[in-house]
Amino acid sequence: MDILDEFDINIIKELEKDGRMAFSAIATNLKISNTMVHQRINRLLENGIITGIKPTLDEKKIGYDWGAFTGITLKKDHDSARVIEELKKIPEITECYFITGSYTLYVKMIAKDHEHMRKLLYEQIDNIPGIAKTDSLIELGCAFKRNVSL
């Protein structure tokens with residue numbers, strides 16, 4: 001699948017309004033068959049365009065008041081796969097990216113308070129073999145977060 005057609009785009013827009021929306025409701029709203037909606041969503045999932053339909057948590061409402069973006073410099077870049085596997089073991093790290101520039105990896109993490117953040121940085125991340133240094137920016141709130149417009 002190389003391109004999204006009008007039906008795919010409209011189905012995705014309906015799911016963005018409410019990911020729990022019944023296929024029959026999407027079909028009614030778009031004036032297409034329930035079977036078509038089901039087949040299209042399955043194809044979008046199989047092709048990795050939709051990566052899942054899951055809840056989006058408001059981290060602050062469940063006690064995670066601190067967020068940070070942390071650049072990670074590795075001693076040797078070829079250690080990145082092993083370091084990433086160790087980072088995956090830390091549930092408070094919610095995103096991890098390869099980037100260009102001064103760092104090899106860039107992670108987003110959340111913590112309950114400043115002490116929790118300190119422990120994540122200094123007792124967990126800094127103790128992963130292969131990490132040379134970290135540089136963190138504390139997040140003060142999300143202005144917005146969204147999918148790309150279709």
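Here's what I pulled together on the structure shown here. (Residues numbered from 1 in each chain as written. Predicted model: local features only at pLDDT ≥ 70, side-chain atom pairs only at ≥ 80, totals over all residues. Heavy atoms only, no water.)

Counting across every chain of the model gives 13 salt bridges. Taking the shortest distance from any N to any O, the salt bridge between Arg 40 and Asp 5 comes out at 2.7 Å. Here the residue Arg 40 occupies a position in helix H3 (residues 34-46), and Asp 5 occupies one in the segment before helix H1 (6-17), the gap between them amounting to 35 residues. Note on Arg 40: relative accessible area 13%, which makes it buried. Taken together, the shared-partner salt bridges in this structure form one network comprising Asp 5, Asp 8, Arg 40 and Arg 43. (Salt bridge = Lys/Arg side-chain N within 4 Å of Asp/Glu carboxyl O. Helix = DSSP H or I, 4+ residues; strand = E, 2+ residues; numbered from the N terminus. Buried < 20%, exposed > 50% of the residue type's maximum accessible area, 1.4 Å probe, protein only.)

So, about the packing of H1 against H3. Direction vectors running N to C along H1 and H3 enclose 90 degrees, while the axes themselves pass 10 Å from each other. When the axes of H1 and H3 are compared, the pair comes out roughly perpendicular. Judged by residue contacts, Phe 7, Asp 8, Ile 11, Ile 12 and Leu 15 of H1 engage Met 36, Val 37, Arg 40, Ile 41, Arg 43 and Leu 44 from H3. Considered class by class, the residues forming the contact of H1 with H3 number eight nonpolar, no polar and three charged. (Axes fitted to C-alpha atoms, helices over the stretch in contact; angles between N-to-C directions. Parallel < 35°, antiparallel > 145°, perpendicular 65-115°, else oblique. Contact = heavy atoms within 4.5 Å. Nonpolar A, V, L, I, M, F, W, Y, C, P; charged D, E, K, R; others polar.)

A few words on the sheet that holds strand S3 (residues 105-111). Taken in spatial order, the four strands of this open sheet run S2-S3-S1-S4, and their pairing is antiparallel. The outermost strands of the open sheet, each flanked by one partner alone, are strand S2 (93-98) and strand S4 (131-139). Pairs of neighbouring strands in the sheet enclose a mean axial angle of 20 degrees, with direction left out of account. When strand S1 (residues 66-74) meets S4, the two strands line up antiparallel, connected through eight bridges. Within S4, the residue paired with Ile 72 across the bridge is Thr 134. Across the sheet, helix H4 (residues 80-88) is in contact with S1, S2, S3 and S4; its angle to S2 comes to roughly 165 degrees. Contacting S1, S3 and S4, helix H5 (residues 114-124) crosses the sheet at an angle of about 145 degrees to S3. (Pairing = 2+ DSSP bridges.)

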